[in-house]
Each structure stands twice: as structure tokens, then as C-alpha cells.
Number of protein chains: 2
Amino acid sequence: MPCRISSRQGFFFMKKISIAIHGGAGTILRSNMTQEIEQNYVRSLNDAVTSGWNVLTDGGSALDAVTETVRSLEDDPLFNAGRGSVFTSDATHEMDAAVMDGLTKNAGAVSLVSKVRNPVLLARLIMENTDHIFLCGAAAEKFAEEHGIVPESDEYFFTQARFDQLQKAKSKAGIILDHSDDKQLGTVGAVALDSNGNLAAATSTGGMTNKWPGRVGDSAIIGAGTYADNDTCAVSCTGHGEYFMRAVTAYEVSALMKLKGLSLEGSAWFAIHESLAKLGGKGGLIAVDRLGNVAMPFNSEGMYRACFTSGMDEPLIAIFEN
Amino acid sequence: MPCRISSRQGFFFMKKISIAIHGGAGTILRSNMTQEIEQNYVRSLNDAVTSGWNVLTDGGSALDAVTETVRSLEDDPLFNAGRGSVFTSDATHEMDAAVMDGLTKNAGAVSLVSKVRNPVLLARLIMENTDHIFLCGAAAEKFAEEHGIVPESDEYFFTQARFDQLQKAKSKAGIILDHSDDKQLGTVGAVALDSNGNLAAATSTGGMTNKWPGRVGDSAIIGAGTYADNDTCAVSCTGHGEYFMRAVTAYEVSALMKLKGLSLEGSAWFAIHESLAKLGGKGGLIAVDRLGNVAMPFNSEGMYRACFTSGMDEPLIAIFEN
């Protein structure tokens with residue numbers, strides 16, 4: 001419901017605003033979680049969702065809110081995106097990101113970049129400054145430099161914890177994907193509804209620990225990991241990307257609302273617990289619809305997540321179920 | 001309707017088989033078409049659709065039929081894929097391809113490869129021999145070589161006509177996409193239904209003349225340019241890829257059938273003439289459903305296309321409307 005807000009001119013109706021974020025479905029196992037680690041994650045999620053919420057309450061666009069939130073999560077070494085990106089099997093970093101504007105259905109995406117501090121900003125630059133949607137690898141890095149994005153050193157992206165995860169993955173499973181204790185289904189993402197009724201989604205990731213160099217995941221794929229349409233919803237996914245690509249998960253949520261008339265909650269639930277699960281996929285998603293409803297289903301042990309919508313005094317932040 | 005076929009054991013029902021192919025929505029303008037050029041295209045389309053049809057009539061799988069057909073189109077310099085690929089703005093070749101199996105919903109995709117004679121075979125190799133779906137650039141080339149695919153020379157991919165198109169595009173529009181007389185919306189693709197009721201789709205392209213190096217189009221994107229699901233249909237798209245990515249066109253056809261209960265024809269028509277057109281996109285698609293129905297809508301001036309289904313004496317081959 002719209003909120004009635006007083007103004008000097010009398011009363012006007014302010015539409016609901018909403019933001020939801022995720023920090024990946026590859027959470028630390030509940031059994032390995034300490035109070036200290038949990039507090040760190042909660043603090044980071046709180047900071048990120050608040051940064052996006054502030055954009056919305058200042059009258060900013062959903063597009064700016066999701067970009068700012070994902071940028072904040074990329075800069076946080078706790079999450080598998082930007083600074084905290086996991087390592088490929090070659091001990092390099094290859095990051096993917098995408099952004100989509102629900103109003104225009106314009107989109108930008110970038111994949112396999114190693115030197116870009118904030119892949120989400122590069123994805124947005126591609127959306128707003130080229131006739132293309134998706135640039136990859138060295139060409140994307142070159143485009144970034146030409147537009148004033150200064151390349152970061154390898155040291156910036158190095159975190160000891162991620163390097164240790166790579167060694168663990170390699171020792172356990174050779175060149176196979178990491179399915180060790182702490183599942184690396186990490187990604188960050190944000191979806192938002194602004195006061196003009198516009199929706200947007202953004203996703204960013206370092207991919208999976210020990211993935212092959214050159215592997216493109218779902219985060220950068222419009223329809224798979226990221227989608228936004230003002231008529232339905234905005235969606236950002238996290239999990240084992242190949243399954244989200246095969247199920248076209250982000251777009252499926254929108255299609256279930258548009259073509260089947262399901263609610264956001266029902267659509268998001270079905271996409272994760274029926275379609276994705278049927279293929280054997282693990283992960284989750286966050287979604288917001290044009291009424292400001294939020295859904296955050298997952299079928300992994302946990303999903304770092306938070307949301308903030310009109311009427312709430314403070315953000316809801318959670319990691320595991322309940 | 002299934003056909004009743006006699007066998008030594010008596011009678012059994014043979015299910016309908018179907019194949020449809022396209023050679024791109026970027027046809028030569030009707031005003032520039034000569035009888036000789038038309039005959040060349042018709043001959044090539046006939047050869048390609050027949051090669052896939054022969055796989056199906058020999059009891060082969062839809063997956064084998066679409067792979068073989070696209071391989072044949074890639075080897076034909078008339079079409080913008082494999083040997084006939086257009087040039088990027090750097091006068092290089094960067095090819096994309098994807099394949100999807102409707103039975104398992106497994107998929108393989110490759111993007112930005114320059115030395116691979118048949119990108120569709122590489123996409124299939126990725127599908128069948130890795131845990132990933134989508135490999136890109138140098139890593140994909142390396143994987144190809146490791147699996148015995150001998151790199152082709154640049155000369156193999158050079159065609160004078162494509163090089164002339166690049167010069168024309170450059171002289172007309174600088175670094176902008178080519179929208180000259182002969183629109184370069186070229187791609188090749190195939191969709192098929194086999195006698196076991198399995199569907200498959202494959203797509204391959206050289207992209208757009210004068211595109212930026214590093215640009216990924218819709219052909220390699222599962223859901224955008226390529227999709228197959230035994231429950232609904234198999235789809236391969238051709239056209240201005242960025243619009244197909246934003247509309248998630250291939251998957252939309254499947255979603256309209258599954259969620260809205262539309263026919264294949266109605267779904268394919270809506271995806272091209274409503275959803276894609278609303279965004280301003282140009283192109284077309286080919287699709288076959290689990291009953292063997294075929295749809296081949298386009299909103300460009302023409303689309304090189306052909307189909308062959310049970311009950312037909314010879315393939316239907318067409319370029320322009322009617």
C-alpha cells in the first residue's frame with residue numbers, strides 16, 4: 001500500500017520503495033559459523049543494504065541503488081565479487097557482472113575481467129555508452145581503461161582466505177569444481193524498486209573457486225542470473241551458475257508472473273524449489289516486484305541476504321533459514 | 001499425426017520427425033537479389049537441411065541432426081558463421097555458437113573464438129566433456145586444441161565479400177554497427193525433433209560486421225539465441241543480438257507454450273512480432289515443437305530458411321516472405 005506523507009502543500013501519496021540484496025548462497029556452514037564471523041557478515045550486509053536504501057529514500061533511481069549496493073559489496077573482501085573474488089584453477093581472478101534497467105530493459109554485462117575494481121560499474125558503463133550489451137575479457141578491460149577506470153593490481157584482489165580455499169579445492173578434487181565444506185556459490189546482487197515505480201537488478205561475482213579460466217557463469221547472462229522488467233519484477237541470482245543458465249532462472253520468475261499470473265513469492269519459490277531443484281541446481285535468488293514485495297528463496301544451506309522496504313524501521317538481515 | 005509404417009513384425013507407429021534451419025535474417029535485399037545468387041543460397045540451404053534430415057531418417061538423434069546441419073552451414077562461405085564469418089572492427093573473426101539438448105537440458109556454448117573451424121562442434125564438446133556450459137576466447141581455443149581440434153589459419157576464414165562489407169560499414173558509420181544496405185543479421189541455426197521425441201537446437205555466428213572485438217551476442221546465450229526443452233520446443237534465433245538478449249527470445253517461445261498454453265506458431269509469432277518488435281529489434285527465429293510443428297517467423301526483409309518434416313516430399317526453402 002502507498003504511504004500517505006504530509007508535505008507543505010498538503011498530502012500526497014508516496015509509493016512504496018524496496019531494496020533486497022544478497023551476498024551469495026555459498027554461505028559458511030552453520031556448523032562452522034562463530035558469533036564473530038556472523039557479526040562481520042551482518043555488519044557488511046547492513047552497510048550495503050543501507051547504502052542502497054539511502055539512494056532510494058533520497059529519491060534516487062532503482063538503477064543507482066542497485067549499482068551503489070553492488071559496488072559496496074564488491075569492495076568488501078567478505079563476499080565473492082570484486083575484492084573478495086575467489087581464484088580460478090590458474091590462481092587468477094576472473095569476474096563477471098551485469099546490470100539491467102526494468103524501465104528501458106537496457107542491460108550491460110561484463111565477463112572475465114581481472115583488473116577492474118568494480119565490474120558492476122563497468123557493466124553499467126557498457127549499458128550506457130555502447131550499442132552492445134556484453135563485453136568480455138581483454139576487450140572489456142580496454143574499454144574500461146578508455147573510460148577512465150584505472151586497472152587494479154593483482155594484490156588488490158588477493159585475500160588469504162580465498163587462496164586457502166583454492167588449495168583446499170585443488171587437493172580435494174583436482175580440476176573439478178569445488179564442492180568442499182564451504183560451498184563456493186558466492187555472488188553478490190541487489191534488486192530495487194524506486195519511488196517512480198522503476199525496477200532494476202545488478203549481480204557481480206568472482207565465480208567458483210577452481211573454475212576453469214574462460215568459464216562464463218550466469219551472473220553476466222541476462223535472463224539467467226540477472227533480469228528486470230517494470231511490468232513484473234527485478235531478479236538477481238546466486239548459486240551454481242550452470243544450472244541457472246539452463247533453467248534461465250531470473251527470466252523465469254518474470255515469466256511466471258507475466259504469463260501465469262503468479263505472485264512474486266510464488267514465482268520465485270517455483271523457480272528455485274521446482275525448476276532449479278529438478279535440474280539438481282543449488283542456490284537462491286532475491287526479487288522485488290513493482291508493488292515493492294520482496295522474495296528471497298534458496299535451497300542451499302543459507303544465503304547472505306537483507307532487505308529494506310517502506311514501513312520497516314530497520315533492514316531485515318539473515319544468513320540461514322529463519 | 002504419427003505415420004503407420006509397415007515392418008516385418010507387422011505395423012508400428014513412427015513418430016513425426018522434423019528439422020528447420022536458418023541461414024540468418026540478414027538476407028541480401030530483395031532488390032539486390034539475382035537469380036544466380038538466389039540459386040546458390042537455395043542450393044546451400046537444400047544441402048544443409050537434407051544433411052540434417054538424413055540423420056533423422058537414419059534414426060539419429062535431434063542433437064546429432066542439428067550439430068551436423070550447423071556444421072554444414074559453418075563450412076559454407078555463403079553464411080555468416082564458421083568459414084563465412086564477418087569481420088570485427090579490428091578485421092578479425094570472433095565466432096560464437098551454442099547447442100542445447102531438450103531431453104537433458106544440457107547445453108554448451110562458446111564465444112569469441114577465432115581459429116575454430118566449427119564452433120558448434122566445440123560447443124558440443126564443452127557440453128559433453130566439462131562441468132561448465134560456456135567457455136570464452138583463448139581458454140575455449142585451448143580446450144579445443146586439447147581435444148584434438150586443429151586450429152585453422154586466418155586465411156581459411158577470409159572471404160572477399162565479408163572484407164568488402166567491413167570496408168563499407170567502416171566508411172558509412174565509423175565504429176557503429178553495420179546497418180548498411182545488406183543488413184548483417186547473419187547467423188546459422190537448426191532445430192530438430194527426432195523419432196524418439198527428443199528436441200535439440202544449435203546456433204552459430206560470426207556476429208555483426210564491424211562489431212567491437214570482445215562483444216558477445218545472443219547466439220551463445222542459452223535462453224536468448226538458443227533454447228531446447230522436450231516439454232515445449234527447440235528454438236534458434238537470428239538477428240540483432242542485443243535485442244534478443246534483452247527479450248530472452250528463445251526461452252520466451254518456450255515459456256509462452258508452457259505457461260500460457262499458446263501453440264508453437266502463436267508463441268513464436270508473439271516473441272518476434274510483439275516482444276522483440278516492441279524493443280525495436282529486427283530478426284527472426286526457427287522453432288520446432290514436440291509434435292513436429294515448425295514455425296519460422298521474422299520481421300526483417302527476409303530470412304534464409306528451410307524445413308523438412310514427415311509427410312513432405314522435399315524440403316520447403318525460402319528467403320523472403322512467400
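Here is a short report on the structure shown in this document.

Rules of the game
- Residues numbered from 1 in each chain as written.
- Chains lettered and ligands numbered in written order.
- Predicted model: local features only at pLDDT ≥ 70, side-chain atom pairs only at ≥ 80, totals over all residues.
- Heavy atoms only, no water.
- Helix = DSSP H or I, 4+ residues; strand = E, 2+ residues; numbered from the N terminus.
- Rg over C-alpha atoms; globule rule 2.2 N^0.38 Å.
- Buried < 20%, exposed > 50% of the residue type's maximum accessible area, 1.4 Å probe, protein only.
- Contact = heavy atoms within 4.5 Å.
- Areas by Shrake-Rupley, 256 points an atom, 1.4 Å probe, with all protein chains shown as cover.
- Pairing = 2+ DSSP bridges.
- Axes fitted to C-alpha atoms, helices over the stretch in contact; angles between N-to-C directions.
- Phe/Tyr/Trp six-rings, centres within 6.5 Å; stacked < 30°, edge-to-face > 60°.
- Buried area = accessible area lost by both parts, 1.4 Å probe.
- Salt bridge = Lys/Arg side-chain N within 4 Å of Asp/Glu carboxyl O.
- Parallel < 35°, antiparallel > 145°, perpendicular 65-115°, else oblique.
- Left-handed = near helix turned anticlockwise from the far one by under 90°.
- Nonpolar A, V, L, I, M, F, W, Y, C, P; charged D, E, K, R; others polar.
- Polar contact = N/O pair within 3.5 Å; in protein donor to acceptor, adjacent residues only side chain to side chain.
- Least-squares fit on C-alpha atoms with pLDDT ≥ 70 in both.
- Expected span 1.5 Å × (residues − 1).

## Topic: the overall build of chain A
Inference 1: When you go through chain A residue by residue, the secondary structure sums to nine helices and 15 strands.
Inference 2: Relative to its length of 322 residues, chain A is compact, with a C-alpha radius of gyration of 18 Å against a globular reference of 20 Å.
Inference 3: Across the 322 residues in chain A, those meeting the buried criterion constitute 62%.
Inference 4: Taking the intrachain contacts of chain A between residues at least 6 apart in sequence as the baseline, contacts between residues at least 24 apart amount to 67%.
Inference 5: As presented, chain A carries roughly 12,000 Å² of accessible surface, and 49% of it is formed by carbon and sulfur atoms.

## Overview of the sheet that holds strand β12 (residues 283–289) of chain B
Residue and element names in this part refer to chain B.
Inference 1: Sheet architecture is open: four strands sit in the order β10-β11-β12-β13, paired in antiparallel fashion. Lying at the two open borders of the sheet, with one neighbouring strand each, are β10 (226–228) and β13 (294–295).
Inference 2: Strands β10, β11 (233–239) and β12 of the sheet are contacted by helix α8 (residues 249–260), whose axis makes an angle of about 145° with β11.
Inference 3: Set on the sheet, helix α9 (residues 264–279) makes contact with β11, β12 and β13; between it and β12 the angle comes to about 160°.

## Some details on the packing of aromatic side chains
Inference 1: Applying the stated rule across the entire model yields 21 aromatic pairs over all chains.
Inference 2: A ring pair is formed by B:F158 and B:F163, whose centres lie 5.6 Å apart and whose planes are at 40°; its orientation type is tilted.
Inference 3: These aromatic residues form a ring-pair network of at least three members: A:Y227, A:Y251, B:Y227 and B:Y251.

## Remarks on the interface of chain A and chain B
Inference 1: Chain A puts 41 residues into the contact, and the matching count from chain B is 41 residues.
Inference 2: When the two sides are added together, the surface that chain A and chain B hide from each other amounts to roughly 3,400 Å², 68% of it contributed by carbon and sulfur.
Inference 3: If you sort the residues of chain A by the area they bury against chain B, A:H132, A:R246 and A:L259 come out on top, with a joint share of 20%.
Inference 4: At the boundary of chain A with chain B, the tally comes to zero salt bridges.

## Considerations on the pattern of salt bridges
Inference 1: According to the stated counting rule, one finds 22 salt bridges over all chains in the structure shown.
Inference 2: Residues A:E152 and A:R117 are paired through a salt bridge, measuring 3.1 Å at the closest nitrogen-oxygen approach. Here A:R117 lies in the loop between β5 (107–113) and α3 (119–129) and A:E152 lies in the loop between α4 (137–146) and α5 (154–157), a separation of 35 residues in the sequence.
Inference 3: Between B:D64 and B:R124 there is a salt bridge, and its shortest N-O distance comes to 2.8 Å. With B:D64 in helix α2 (residues 62–74) and B:R124 in helix α3 (residues 119–129), the pair connects residues that are 60 residues apart, well separated along the chain.
Inference 4: In this structure B:R124 comes out as buried when scored by relative accessible area, which is 15%.
Inference 5: Each of the salt bridges in this network shares a partner with another, and the network as a whole consists of A:E68, A:R71, A:D75, A:R117 and A:E152.

## Considerations on the packing of α8(B) against α9(B)
Residue and element names in this part refer to chain B.
Inference 1: Contact pair α8 / α9: the axes reach a minimum separation of 8 Å and the direction vectors enclose 135°. Considering their axes alone, α8 and α9 lie oblique with respect to each other. Considering how the two elements wind past one another, α8 and α9 form a crossing that is right-handed. Here T249, E252, V253, L256 and M257 of α8 come into contact with α9, specifically with L264, S267, A268, F270, A271, I272, S275 and L276.
Inference 2: Grouping the constituent residues of the contact of α8 with α9 by class yields nine nonpolar, three polar and one charged.

## Points about unusual backbone geometry
Negative phi characterises most residues that are not glycine, and trans characterises most peptide bonds.
Residues and elements named next belong to chain A.
Inference 1: The phi torsion at A91 lies on the positive side, around 60°, for a residue other than glycine.
Inference 2: You can see A91 is positioned in the loop between α2 (62–74) and β4 (95–101).
Inference 3: With relative accessibility at 36%, the residue A91 sits in the partly exposed group.

## Some thoughts on the side chain of B:H132
Inference 1: Relative to the helices and strands, B:H132 is located in the loop between α3 and β6 (134–136).
Inference 2: At a separation of 3.4 Å, a polar atom in the side chain of B:H132 contacts the main-chain amide nitrogen of A:W212.
Inference 3: Only 2.8 Å separates the side chain of B:H132 from the side chain of A:E242, close enough to count as a polar contact.

## Topic: the relation of the copies chain A and chain B
Copies of the same chain, two in number, are related to each other by a rotation about an axis and a translation along it.
Inference 1: If you rotate chain A by 180° and push it 0.0 Å along the axis, it lands on chain B with an RMSD of 0.0 Å. Interpreted geometrically, this transformation is the action of a two-fold axis. For chain A, the residue whose C-alpha comes nearest the rotation axis is A:L259, separated from it by 2.9 Å.
Inference 2: The share of interface residues of chain A whose copies in chain B are also at the interface is 100%, consistent with both copies meeting through the same surface.

## Quick notes on helix α1 (residues 35–57) of chain B
Residues and elements named next belong to chain B.
Inference 1: The terminal C-alpha atoms of α1, which comprises 23 residues, lie 32 Å apart, in line with the 33 Å expected from a rise of 1.5 Å per residue.
Inference 2: All of the buried residues along α1 are Y41, S44, L45, A48, V49, S51, G52, W53, V55 and L56.
Inference 3: Its buried side turned inward, α1 meets β3 (18–22), α2, β7 (188–193), β14 (302–309) and β15 (316–320).
Inference 4: Once α1 ends, the next one or two residues include G59, with phi positive near 85°.

## As for the environment of A:G26
Inference 1: Mapped onto the secondary structure, A:G26 falls in the loop between β3 (18–22) and α1 (35–57).
Inference 2: Sequence separation between A:G26 and A:T238 is 212 residues, and the spatial gap between their C-alpha atoms is 8.2 Å.

## Concerning the side chain of A:T226
Residues and elements named next belong to chain A.
Inference 1: Relative to the assigned elements, T226 resides in strand β10 (residues 226–228).
Inference 2: Within the local environment of T226, its side chain forms a polar contact with the side chain of T203, the two groups lying 2.8 Å apart.
Inference 3: At 3.0 Å, the side chain of T226 and the backbone oxygen of S219 are in polar contact.
Inference 4: Ignoring any residue separated from it by four or fewer positions in sequence, one finds T226 in contact with A98, M100, A201, A202, T203, S219, I221, V235 and A250.

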